[in-house]
Amino acid sequence: MRMIKGALLSLCFFVSIASAATIPSQASGNYSAYCREEWTKRGVLDQNMFNYCMKIETEGYQNLTFLVQKYGNLPWIQKAIDSSVKNWTKKGSRQDNMVYFNLNQMIDGWEELKYQSSQPNFNKSKYQRCQQKWDFDYNMILYCYKND
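Residues numbered from 1 in each chain as written. Predicted model: local features only at pLDDT ≥ 70, side-chain atom pairs only at ≥ 80, totals over all residues. Heavy atoms only, no water.

Counting residues in hydrophobic clusters, the biggest one holds 29 residues, and the most contacted among them are Trp76, Ile77, Ile81 and Leu103. Contributing elements (two or more residues each) for this core: α3 (47-71), α4 (77-87), α5 (96-117), α6 (124-134) and α7 (138-147). Ranked by the residues each element gives to this core, the list is headed by α5, at six residues. (Core = buried A, V, L, I, M, F, W, Y, C linked by side-chain atoms within 4.5 Å. Buried < 20%, exposed > 50% of the residue type's maximum accessible area, 1.4 Å probe, protein only. Helix = DSSP H or I, 4+ residues; strand = E, 2+ residues; numbered from the N terminus.)

Encoded structure:
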C-alpha cells in the first residue's frame, strides 16, 4: 500500500485546477510528518492535537483549491503559488493552511489595489514603484503603497 501511495505521489505531484494555475497535490503535502513532528513532545504524540493539525492542513488545501479555481487565470498567480509553497515547505512537509493564508493575503491586496486604482486620487507612479519592489506580492505592494 505504501509503495502504491508513493507511486501515485510521484505521478501526481502537480494537480491542475480548472484554470491556468497549478498547485501541488494534497498528498505531496505530507501533513502527517509535519503534524507528528509538531505535536510530539519527549517522544509522546498528542493525538488530539495531531488530529486537529491534520484537519487544519486538509482544510487549508481545500481553501487553497477554491482560491486557485477563482483566481487561477491571473497572470501573476502561479508565481505567488510557487513562492507560497516554497516558503511553507520544510523537510518534505507542506503547511497548506499557511500556503492558503499567504496566497489569500496576496489576492486581498490585489483586490484592494484594483479598487484603489479606480479612485481619482490613485497615485500610479507610487504604485509602480511599490510593484517594482515587491513584484507579485500584492499584500506587500498594498502595504508599500499605503505607507510609502
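As a further point, take the environment of tyrosine 34. Position of tyrosine 34 relative to the elements: it lies in helix α2 (residues 31-38). Look at tyrosine 34 and you get buried, because its relative accessible area is 19%. For the pair tyrosine 34 and arginine 94, spaced 60 residues apart in sequence, the C-alpha to C-alpha distance is 7.4 Å. Discounting chain neighbours no more than four positions away, the residues touching tyrosine 34 are Cys53, Glu57, Ser93 and Gln95. Looking at tyrosine 34, its side chain comes within polar contact range of the side chain of glutamine 95, at 2.8 Å. (Contact = heavy atoms within 4.5 Å. Polar contact = N/O pair within 3.5 Å; in protein donor to acceptor, adjacent residues only side chain to side chain.)

This part takes up the packing of aromatic side chains. Within this structure, the stated rule accounts for five aromatic pairs. Seen from their ring centres, tyrosine 71 and tryptophan 110 are 6.3 Å apart, and the 80° between their planes marks the pair as edge-to-face. Residue tyrosine 71 is found in helix α3, and its partner tryptophan 110 is found in helix α5; the two are separated by 39 residues along the sequence. Neither residue differs from the other here; tyrosine 71 and tryptophan 110 are each classed as buried. On the numbers, 5.2 Å between centres and 25° between planes, the contact of phenylalanine 122 with tyrosine 145 is stacked. (Phe/Tyr/Trp six-rings, centres within 6.5 Å; stacked < 30°, edge-to-face > 60°.)

Let us now look at the state of the cysteines. Summed over all chains, the structure comprises two disulfides. Each sulfur of the disulfide joining cysteine 35 and cysteine 53 lies 2.1 Å from the other. An S-S torsion of about -75° defines the bridge between cysteine 35 and cysteine 53 as left-handed. Within this pair, whereas cysteine 35 is found in helix α2, its partner cysteine 53 is found in helix α3, the two being separated by 18 residues in sequence. (Disulfide = S-S within 2.5 Å.)

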